[in-house]
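Inside the fold
As a plain string of letters, each chain reads:
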Amino acid sequence: MAAARRRGAGRGRPTLEEVAARAGVGRGTASRVINGSPRVSDRTRAAVEQAVADLGYVPNRAARALAANRADAVALVIPEPETRLFAEPYFSDIIRGVACELADTDLQLLLTLVRTAKERQRLADYLAAHRVDGVLMISAHAADPLPDVLERIDIPAVLGGRRSARETVAHVDSDNLGGARSAVTHLAERGRRTIATITGSLDMYTAQCRLDGYREALDAADLPRDPDLVERADFTEEGGRRAMAALLARRPDLDAVFAASDVMAAGARRVLRQHGRKVPDDVALVGYDDSPVARHMDPPLTSVRQATEEMGRAMVRVLLEQMATRETPTTAPGTRPHLVLPAELVPRDSS
């Protein structure tokens, strides 16, 4: 066996024809075995696999992909600036889940940031050339045209989150409305009566759902909806700081804040401290994501845990199923896969 490998190595890289000859089968049969086809007998499969081992044959994945009209790659598209990508644990958790789920496949992961209209067009042209086999996209904004482009070019695609309740592309989402509702209900049950919220970017369905959950919890607790207690931000720490300062200026009597992300809660916490407000004695504080930011704050932050890494894994599973069946985003809307993962409140000392 070792001698066979050395002879193969001396002649250069072993070929598929040599594998077929050694196994005593035709080239087509050897190819079917190597490509995992079930249309061969166990005896033939064993003979080809032994020949592959004896010769040290390594399939030419590039040639196989070309012959099968595949790229052996998927793109993970994030339409956000790199400052958010590296500042917010949400993105690293999603990427980790995606990478882990792809680890046992032969697919290469391509990470792409889209920040401008020019970059969006360049990516659309790249995807239209079918240089990847599928697309994962997170953090989609309501007016983002890229998911519509994916539908037009007929490429399997899965969104992390949705652009609206009428999303037409396959997606995996978290129960943002239920998670926010549980956070505000928690505050109301602890006797807080002037509960403010810092929202994310309201051109994102995620932020809209968390605001709706806040309002539903106020209604259930028989607390008034006060527009002065709602301040829009952008999921960043600086946005959380600005929003908290604006809320205190308008409603210095507030006694609780629900921030739609842990990162914004960290910014709010800093402003509360600057204004001499103790957490939770003067103002209770709850965030969203249950990221490391929440656990390392002082005091530790009550937060809503969403299964972010699992979301990344689930997105890959849905995409692989689409790719395997050649299902594409142009499938009838009612049949496109969609998953909504649960969210869970994690109480800590901040509330």
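Look up: the structure comes first, before these words.
Residues numbered from 1 in each chain as written. Predicted model: local features only at pLDDT ≥ 70, side-chain atom pairs only at ≥ 80, totals over all residues. Heavy atoms only, no water.

1. Looking at the pairing of strand β10 (residues 302-306)
For β10, a buried count of four out of five residues is recorded, marking the element as mostly surrounded by other parts of the structure. Across four bridges, the pairing between strand β9 (residues 284-289) and β10 is parallel. Directly across from Gly287, in β10, lies its bridge partner Ser303. (Buried < 20%, exposed > 50% of the residue type's maximum accessible area, 1.4 Å probe, protein only. Helix = DSSP H or I, 4+ residues; strand = E, 2+ residues; numbered from the N terminus. Pairing = 2+ DSSP bridges.)

2. With respect to the sheet that holds strand β12 (residues 343-346)
Read across the open sheet, the six strands follow the order β7-β6-β8-β9-β10-β12; overall the sheet is mixed. At either margin of the open sheet sits one strand with a lone partner, and together these are β7 (230-232) and β12. Between one strand and the next, the sheet's axes are offset by a mean angle of 15°, whatever the strand orientation. Inspection of the sheet shows β10 paired to β12 by four bridges, in the antiparallel sense. Bridge pairing in β12 links Gln306 to Ala343. Its contacts with the sheet place helix α11 (residues 205-220) against β6 (195-199), β7, β8 (256-259), β9 and β10, and it is angled at close to 170° to β6. (Axes fitted to C-alpha atoms, helices over the stretch in contact; angles between N-to-C directions. Contact = heavy atoms within 4.5 Å.)

3. Here's the deal with the packing of helix α2 (residues 16-23) against helix α3 (residues 27-34)
Interaxial distance between α2 and α3 falls to 8 Å at its minimum, and their mutual angle equals 100°. The angle between α2 and α3 falls in the class roughly perpendicular. For the pair α2 and α3, the contacting residues are Leu16, Glu17 and Ala20 in the first and Arg27, Ala30, Ser31 and Ile34 in the second. (Parallel < 35°, antiparallel > 145°, perpendicular 65-115°, else oblique.)

4. A look at the packing of aromatic side chains
Applying the stated rule across the entire model yields two aromatic pairs. For the ring pair Tyr90 and Phe91, a centre distance of 5.3 Å and an interplane angle of 80° mean the geometry is edge-to-face. Both residues of the pair, Tyr90 and Phe91, count as buried. Ring plane angle 55° and centroid distance 6.4 Å describe the contact between Phe258 and Tyr288, whose orientation is recorded as tilted. Note that Phe258 is positioned in strand β8 and Tyr288 in strand β9, a separation of 30 residues in sequence. One exposure class covers both Phe258 and Tyr288, and it is buried. Note that Arg210 overlies the ring of Tyr288, its terminal NZ or CZ placed 3.7 Å from the centroid. (Phe/Tyr/Trp six-rings, centres within 6.5 Å; stacked < 30°, edge-to-face > 60°. Lys NZ or Arg CZ within 6 Å of the ring centre and 35° of its normal.)

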